[in-house]
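Coordinates in review
What follows is each chain in one-letter form.
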Amino acid sequence: MNARVTVMVGFGLLAIAAGALLFTEYSPTQANTLPTQVVSQPVFAIESAELPEDGQRYCVSILVHDDWRQRRDESRIVSWWEVHPYLRSVAGQTTYDVYPMSGPRYQRYFAAAIREADLPVVLVQDGSGKVHWKANRTDMPESAEDMAASVGGLFKSRPIYLLPWRRPKPCPQPSPTPEPSPQPTPNDVPIFEPVAEPEPVEEPKDSTMPIIAGLLILGGVIGMIGGIVGGVKSRIGN
Amino acid sequence: MRLFVLLLLVCCGCDVEVQMDMASDKPDHRIQPDCSGAECPYRDVPFADVPVEYRQANYSGGSCNHASIQTVLRYLGYHDLAADWRKRHGGGASALDLAAICKRYGVEYAATFNGDVEFLAWCSRTGRPAAIHYYSNHAVTFAGYTLNGHAVLIDNNRPETRIEIPKAEFVSNWKGYGGMAITILGGKRPPQRPWCCPRPNTE
């Protein structure tokens, strides 16, 4: 009986420790952004603010000819990303843009790696530039649905970790939303008009973690009390 | 008791990876193979690799701060705003003046005026260039750090040339020049140069 009590108390302590660790790790107050200074007034009025840690944001790039609007296959692909709910959702949660071939950005970032004969090309890259999904002229999906299924496969094929705290971060998992927030077009910014800056995309916070931690701690406490009470009862009984 | 054993197993690491089935039984060849160990091959490219066409040269005999922030604006896609800034503002200025102009334009910005090195590190890892005070009575555009540990600068007096300085030396100099930096929030940062997994060595 004493051995049983010891084991129960031990397990209880371990569960409490695990719960406390979990709570510390996933405390809702944990900031995922860097506190630094944003100036709201020109002189000596420095406010503390949070800067977006969005460097690892995924990018969706559509590489096209300069006259892509006149090319049916290329304009069709661009329209898929603007109309299809899932693709729009992905575009809204990533850095999405269309890069005509003679543009400075295309020439700077893509010209060395992408041949003109392969256009149109759709790339999904992570923050380091690593290509996770790629389709070019010869293997382009034939419909928006196919494109959505294939791009969705990129995210669905990622391993799902049963233990959320073991999940690699960042782990973007776009999901269809009826009204995704559109990516702002910088050139649409009116001059001398107040500009509503886009909200930085935050990684979803795992709000269940504190609850799980609390349950673990509670379970540990109940287990310990149960074990001790059982032990005391058995001694009294004896 | 069984519950506690189960909890312990969950807590102590019997993790399982569940691989979701894809829509089709066939593997999608458009999904690039996983190469989590591979590293970006562009080790000498800064995180904010500004195209030459977007780099604003100095003008009006000394508008280095204005030119530096216009380069930042163009890189982030604010071409009309940069053009308007070029038309309306010039001459001597400081990062504080740039902040005031940003405020008038209604553009959200972030800045440090006390040599916060972490601010530059944040600019670099999130791919944002910044206008910084550097050299004597001068300002340039900080394009970020490279994986090789250098800071890359774009000097508006010679915008075609990129300047590489070892990170420690750069940080020390920057603090010596006042430690001021300002960048723009929002906008569209372009992706990094695309790269794929290296081909497996078959030899």
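Residues numbered from 1 in each chain as written. Chains lettered and ligands numbered in written order. Predicted model: local features only at pLDDT ≥ 70, side-chain atom pairs only at ≥ 80, totals over all residues. Heavy atoms only, no water.

Some points on the overall build of chain A
Put simply, the test is: Strands are runs of DSSP state E lasting at least two residues, helices are runs of H or I lasting at least four, and both sets are numbered from the N terminus onward. Three labels apply to residues, based on accessible area from a 1.4 Å probe with only protein chains included: buried if under 20% of the type maximum, exposed if over 50%, partly exposed otherwise in between. Between two residues, a contact is recorded if the distance between any of their heavy atoms is within 4.5 Å.
Across its full length, chain A carries six helices and seven strands. Moving toward the C terminus, one meets the helices and strands of chain A in the order α-β-β-β-α-α-β-α-β-β-α-β-α. Classification of the 238 residues of chain A by burial places 45% in the buried group. Considering only contacts within chain A whose residues lie at least 6 apart along the sequence, 61% involve residues at least 24 apart.

Observations regarding the overall build of chain B
This is how the line gets drawn: In short, Shrake-Rupley with a 1.4 Å probe defines the accessible areas, and a residue's cover is counted only from the protein chains shown.
When you go through chain B residue by residue, the secondary structure sums to six helices and seven strands. Listing the helices and strands of chain B from first to last along the sequence gives α-β-α-α-α-β-α-β-β-β-β-α-β. Each of the 203 residues in chain B was classed as buried or not, and the buried ones make up 52%. Taking as baseline every contact in chain B between residues at least 6 positions apart, the subset at least 24 positions apart corresponds to 64%. As presented, chain B carries roughly 9,400 Å² of accessible surface, and 51% of it is formed by carbon and sulfur atoms.

Some remarks on the nonpolar core
The condition that has to hold: Throughout, nonpolar core names a set of buried Ala, Val, Leu, Ile, Met, Phe, Trp, Tyr and Cys residues whose side chains join them through atoms within 4.5 Å.
The biggest cluster of nonpolar side chains holds 39 residues, and the ones touching the most others in it are Leu63 and Phe110 of chain A together with Ile69, Trp85, Ile182 and Ile184 of chain B. Secondary structure elements with two or more residues in this core: α4 (104-110) and β5 (121-125) of chain A together with α2 (64-75), α3 (79-88), α4 (95-105), β2 (109-112), β5 (150-154) and β7 (181-184) of chain B. In terms of residue count, the dominant contributor to this core is α4 of chain B (six residues). When near neighbours in sequence (up to four residues on either side) are disregarded, Ile184 of chain B contacts Ile69, Val72, Leu73, Leu76, Tyr78, Cys102, Val107, Glu108, Tyr109 and Arg128 of chain B.

With respect to α2 of chain B
Residues and elements named next belong to chain B. Convention followed: Helix span, as expected, comes to 1.5 Å for every residue beyond the first.
In a regular helix each residue adds 1.5 Å, so twelve residues correspond to 16 Å; α2 covers 17 Å between its end C-alpha atoms and thus fits that length. The buried fraction of α2 is high, at twelve of twelve residues. Every buried residue of α2 is listed here: Cys64, Asn65, His66, Ala67, Ser68, Ile69, Gln70, Thr71, Val72, Leu73, Arg74 and Tyr75. Gly77 lies just past α2 and shows a positive phi near 95°.

Describing unusual backbone geometry
Note that the residue after Leu119 of chain A, namely Pro120 of chain A, is joined by a cis bond; omega there is 0°. Its place among the elements puts Pro120 of chain A in the loop between α4 and β5. Here the phi dihedral of Tyr135 of chain B falls at roughly 65°; this positive angle occurs in a residue that is not glycine. Assignment of secondary structure puts Tyr135 of chain B in the loop between β3 (130-133) and β4 (139-145). Phi at Asn137 of chain B is positive, roughly 50°, even though this residue is not glycine. Mapping Asn137 of chain B onto the fold places it in the loop between β3 and β4. Given the relative accessible area of 79%, Asn137 of chain B is considered exposed.

Overview of the sheet that holds β5 of chain B
Residues and elements named next belong to chain B. We count it as follows: In this scheme, strands are said to pair when DSSP sees at least two bridges between them. Axis definition: a line fitted to C-alpha atoms, limited for helices to the stretch in contact. Angles are taken between N-to-C directions and run from 0 to 180 degrees.
Taken in spatial order, the six strands make up an open sheet running β2-β7-β3-β4-β5-β6, and their pairing is antiparallel. Edge positions in the sheet fall to β2 and β6 (162-166), since each has one partner strand and no second. The average undirected angle you get between the axes of adjacent strands in this sheet is 30°. As judged from the two bridges shared by β3 and β7, these two strands associate in the antiparallel manner. Bridge assignment links Ala131 to a residue of β7, and that residue is Ile182. Contacts between α4 and the sheet are confined to β2, β3 and β7, with β7 contributing the most and set at about 20° to the helix. Of the strands in this sheet, β2, β3, β4 and β7 touch helix α5 (residues 117-125), which is tilted by about 65° from β4.

Focus: the confidence of the model for chain B
Residues and elements named next belong to chain B. Filter applied, for reference: Per residue, pLDDT measures the predictor's confidence, with a range of 0 to 100.
Mean pLDDT over chain B: 86, with 84% of residues reaching 70 or higher. A low-confidence stretch, residues 14-23 stays under pLDDT 50, and its non-local contacts, those more than four residues away or across chains, total 23 contacts. The ipTM, which scores confidence in the relative placement of chains, is 0.79 for this predicted complex, and the corresponding pTM is 0.67.

Points about a nonpolar patch on the surface
All names here are of chain A. Note the threshold: Like-charged residues are merged into a patch within 9 Å and nonpolar side chains (Val, Leu, Ile, Met, Phe, Trp, Tyr) within 5 Å, provided each residue has over 30% relative accessible area and no salt bridge. A side-chain nitrogen of Lys or Arg and a carboxyl oxygen of Asp or Glu constitute a salt bridge if their distance falls within 4 Å.
A cluster of nonpolar residues, Ile211, Leu215, Leu218 and Ile222, forms a patch on the protein surface that exposes about 420 Å² of accessible area. Position of Leu215 among the secondary structure elements: in helix α6 (residues 208-237). A relative accessible area of 55% means that Leu215 is categorised as exposed.

Some points on the environment of Val78 of chain A
Residues and elements named next belong to chain A. Note on placement: Val78 falls in helix α2 (residues 72-83). Note: C-alpha distance between Val78 and Ala144 (66 residues apart in sequence) is 10.0 Å. Val78 has contacts with Ile62, Trp68, Tyr96 and Val98, leaving out every residue within four places of it along the chain.

Observations regarding the packing of aromatic side chains
Convention followed: Each Phe, Tyr or Trp ring, with Trp reduced to its six-membered ring, pairs with another whose centre is within 6.5 Å; inter-plane angles below 30 degrees give stacked pairs, above 60 give edge-to-face pairs, and intermediate values give tilted ones.
Tallied over the full model, the rule gives twelve aromatic pairs over all chains. A ring pair is formed by Trp81 of chain A and Tyr96 of chain A, whose centres lie 6.0 Å apart and whose planes are at 20°; its orientation type is stacked. Taken together, the residues Trp81 of chain A in helix α2 and Tyr96 of chain A in strand β4 (residues 95-100) connect sequence positions 15 residues apart. Exposure class is identical for Trp81 of chain A and Tyr96 of chain A. Each is buried. Taking 5.5 Å as the distance between ring centres and 20° as the angle between the ring planes, the aromatic pair formed by Trp85 of chain B and Tyr105 of chain B counts as stacked. Here Tyr105 of chain B lies in helix α4 and Trp85 of chain B lies in helix α3, a separation of 20 residues in the sequence. The class for Trp85 of chain B is buried, based on a relative accessible area of 1%.

Let's talk about the pattern of salt bridges
Applying the stated criterion to the full structure yields 13 salt bridges over all chains. Arg115 of chain A serves as the salt-bridge partner of Asp118 of chain A, at 3.1 Å between the closest nitrogen and oxygen. You can call Arg115 of chain A exposed: its relative accessible area is 55%. Salt-bridge contacts for Asp84 of chain B lead to Arg88 of chain B; the nearest nitrogen and oxygen are separated by 2.7 Å. Separated by four residues within a single helix, Asp84 of chain B and Arg88 of chain B lie in helix α3, roughly one turn from each other. Taking relative accessible area as the criterion, Arg88 of chain B reaches 48% and is therefore assigned partly exposed. One continuous salt-bridge network, built from bridges that share partners, spans Glu53 of chain A together with Glu118 and Arg125 of chain B.

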